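Coordinates in review
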Amino acid sequence: MNFKKFSLWACGLVLCCISMSCVDTTSTTKSVYASGVFVTNEGLFPSGSGSVSFFNRNDTTVTNNIFESANGGANLGSVVQSMAIQGNSAYIVVNNANKILIVNSGDFTKTGVMDNTVLPRYFLPLTTTKAYISEYGKDTATGKNAGAIRVYDVVNNQITKRILLNTKGANQMLLTGAKVYVGNDGGNIVGSAVDSVISVVTANGDSLLKTIPLGAGAYNVKGMALDINNDLWILCTGSWDRPASTGKLIKLHGEVVERTFDIPIGATELVTDASKYNLYFIADNKIYTKDILNFGATPPTVWMSNPAFKTLYGMGFDPKSGFFFVADAGNFTSAGQIHVINPSDKSLKYSKAVGIVPNGFYFN
């Protein structure tokens, strides 16, 4: 045997195996969270037990505490409000801790932090280089909530501008065309300030264009959605300490209130199905629906109630699977659940344990 040739062959084989192993491992790491549903869990206030869970569409498994697992047990903090993905980064908004954690969206390892904001709520990507961050904020003179939008430079990880909205708490945002609609939620704690307006911001000029009043009793915007006609619908949760207060479902047409429906107080979330002809929201621990084609005559009705529902707290529609995802906070002190619903027959496809106080979803 030619030992010189054998040695060269053996070394080549070893190098090939090492190379293949490296390629496979890297590929697997990058694709861990490539396709699925992220669940934001607020955690037990103010313990800092907020977390993110991941639902895998392929095998329907749930992996909890994915940030902690990827970062040596480090905690996200209090309260995990929402998350969004822009490019290869995921932005986890931690409201009470006044920060946004930046992680690699593929494996959830931490890559940075942005802490120059006050009570942030949502992160909205606008371009590859710019995003908006809504914040409850704080007026330094009064100490009360002051709604604002932070303009975020993605490339340099810095805030470039603060757009004051003259409201009591900026919450959800919705981008359509060159405008960003901002729902203002002053809070529905007894004795707290309330809001009943939508702010309109220009995404090109980064300035407040106008404020749209929603009418009497339209307190605390908790959801916004565009229907098939590109009309904007607004969900207001109401205010517990206002006489005869109810929630409101409002249709805007051309930025003018066209129709208002009374709904149960405490209603939250607002999503559409794949057709965008039907609206859905949570109230009284049930799921309500509204058909936009008959908006002038028929009020919202109960679409689904189920004994498995303990304390419905958040909702979303997964465009890839066509299923509704509902966050169930349970007793607000231990692990909550997510319920996956098939809208065609209203069946519960799955119910899975997640973190403490699940509140929302990001569909990847």
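Cut-offs used in this document
- Residues numbered from 1 in each chain as written.
- Predicted model: local features only at pLDDT ≥ 70, side-chain atom pairs only at ≥ 80, totals over all residues.
- Heavy atoms only, no water.
- Helix = DSSP H or I, 4+ residues; strand = E, 2+ residues; numbered from the N terminus.
- Buried < 20%, exposed > 50% of the residue type's maximum accessible area, 1.4 Å probe, protein only.
- Pairing = 2+ DSSP bridges.
- Axes fitted to C-alpha atoms, helices over the stretch in contact; angles between N-to-C directions.
- Salt bridge = Lys/Arg side-chain N within 4 Å of Asp/Glu carboxyl O.
- Phe/Tyr/Trp six-rings, centres within 6.5 Å; stacked < 30°, edge-to-face > 60°.
- Polar contact = N/O pair within 3.5 Å; in protein donor to acceptor, adjacent residues only side chain to side chain.
- Contact = heavy atoms within 4.5 Å.
- pLDDT = per-residue confidence, 0-100.
- Core = buried A, V, L, I, M, F, W, Y, C linked by side-chain atoms within 4.5 Å.

Each neighbour pair has its own omega, and for Phe45 with Pro46 the value is -10°, a cis peptide bond. Of the consecutive residues Ser78 and Val79, the connecting peptide bond is found in the cis state with omega at -5°. Within the secondary structure layout, Val79 lies in the loop between α2 (66-70) and β4 (80-86). Of note in this structure, Asn166 is not a glycine but carries a positive phi near 60°. Along the chain, Asn166 turns up in the loop between β11 (158-164) and β12 (170-176). Asn166 sits in the exposed class, given a relative accessible area of 72%. For Asn285, which is not glycine, the phi dihedral falls at a positive 60°. Of note, Asn285 is situated in the loop between β21 (278-283) and β22 (286-291).

This paragraph deals with the sheet that holds β11. The antiparallel open sheet is built from four strands, whose spatial order is β8-β9-β10-β11. Two strands lie at the open edges of the sheet, namely β8 (120-125) and β11, each paired on one side alone. Going across the sheet, the axis of each strand differs from the next one's by a mean of 25°, ignoring polarity. Note: strand β9 (residues 130-135) against strand β10 (residues 148-153), six bridges, orientation antiparallel. Bridging from a neighbouring strand, Tyr132 pairs with Val151 of β10.

This part takes up the sheet that holds strand β14 (residues 197-202). The antiparallel open sheet is built from four strands, whose spatial order is β12-β13-β14-β15. Edge positions in the sheet fall to β12 and β15 (207-213), since each of these pairs with one other strand and no more. For this sheet the average axis-to-axis angle between neighbouring strands, irrespective of direction, equals 25°.

So, about the pattern of salt bridges. Following the criterion strictly, the structure yields eleven salt bridges and no others. One salt bridge in this structure joins Glu135 and Arg162, with 2.7 Å as the shortest N-O distance. With Glu135 in strand β9 and Arg162 in strand β11, the pair connects residues that are 27 residues apart, well separated along the chain. For Glu135, a relative accessible area of 0% translates into the label buried. Lys179 is the partner of Glu255 in a salt bridge, and the nearest nitrogen-oxygen pair spans 3.1 Å.

Inspection of the entire model under this criterion finds 19 aromatic pairs. Plain terms: the ring middles of Tyr33 and Phe108 are 5.8 Å apart, the flat faces sit at 75° to each other, and that makes the pair edge-to-face. One end of the pair, Tyr33, is in the loop between α1 (3-30) and β1 (36-41); the other, Phe108, is in the loop between β6 (99-104) and β7 (110-114), and 75 residues separate them in sequence. On the accessibility criterion, Tyr33 (9% relative accessible area) is buried. Between Tyr91 and Phe123, the aromatic rings sit 4.1 Å apart at their centres with planes inclined by 10°, giving stacked as the arrangement.

Here we take up the side chain of Thr117. Among the structural elements, Thr117 can be located in the loop between β7 and β8. A polar side-chain atom of Thr117 sits 2.5 Å from a polar atom in the side chain of Glu135. Setting aside chain neighbours within four positions, we find Thr117 in contact with Asn98, Ile133, Glu135 and Arg150.

Let us now look at the pairing of β9. A large share of β9 lies buried, amounting to six of its six residues. Side-chain alternation along β9 places Lys130, Tyr132 and Ser134 on one buried face and Ala131, Ile133 and Glu135 on a second face that is also buried. For β8 and β9, the ladder comprises five bridges, and the chain directions are antiparallel. Counterpart to Leu124 in the pairing with β9 is Tyr132. Taken together, β8 and the strand that follows it, β9, pair antiparallel across an intervening segment of four residues.

Attention now moves to the confidence of the model for the protein chain. For the protein chain, per-residue confidence averages 88 on the pLDDT scale, and 87% of positions sit at 70 or higher. Every residue in residues 1-29 is under pLDDT 50, and counting partners more than four places away or in other chains gives three contacts.

Residues Phe38, Val52, Met83, Ile92 and Phe108 are the most contacted members of the largest nonpolar core, which totals 16 residues. Elements with a minimum of two residues in this core: β2 (51-56), α2, β4, β5 (89-94) and β6. In this view, Val52 contacts Phe38, Val39, Asn41, Thr63, Asn64, Asn65, Ile66, Leu76, Met83, Ile92 and Phe108; residues no more than four positions away in its chain are not counted. In terms of nonpolar packing, the next biggest core, distinct from the first, is built from 15 residues, Leu174, Ala218, Cys236 and Ile250 among them.

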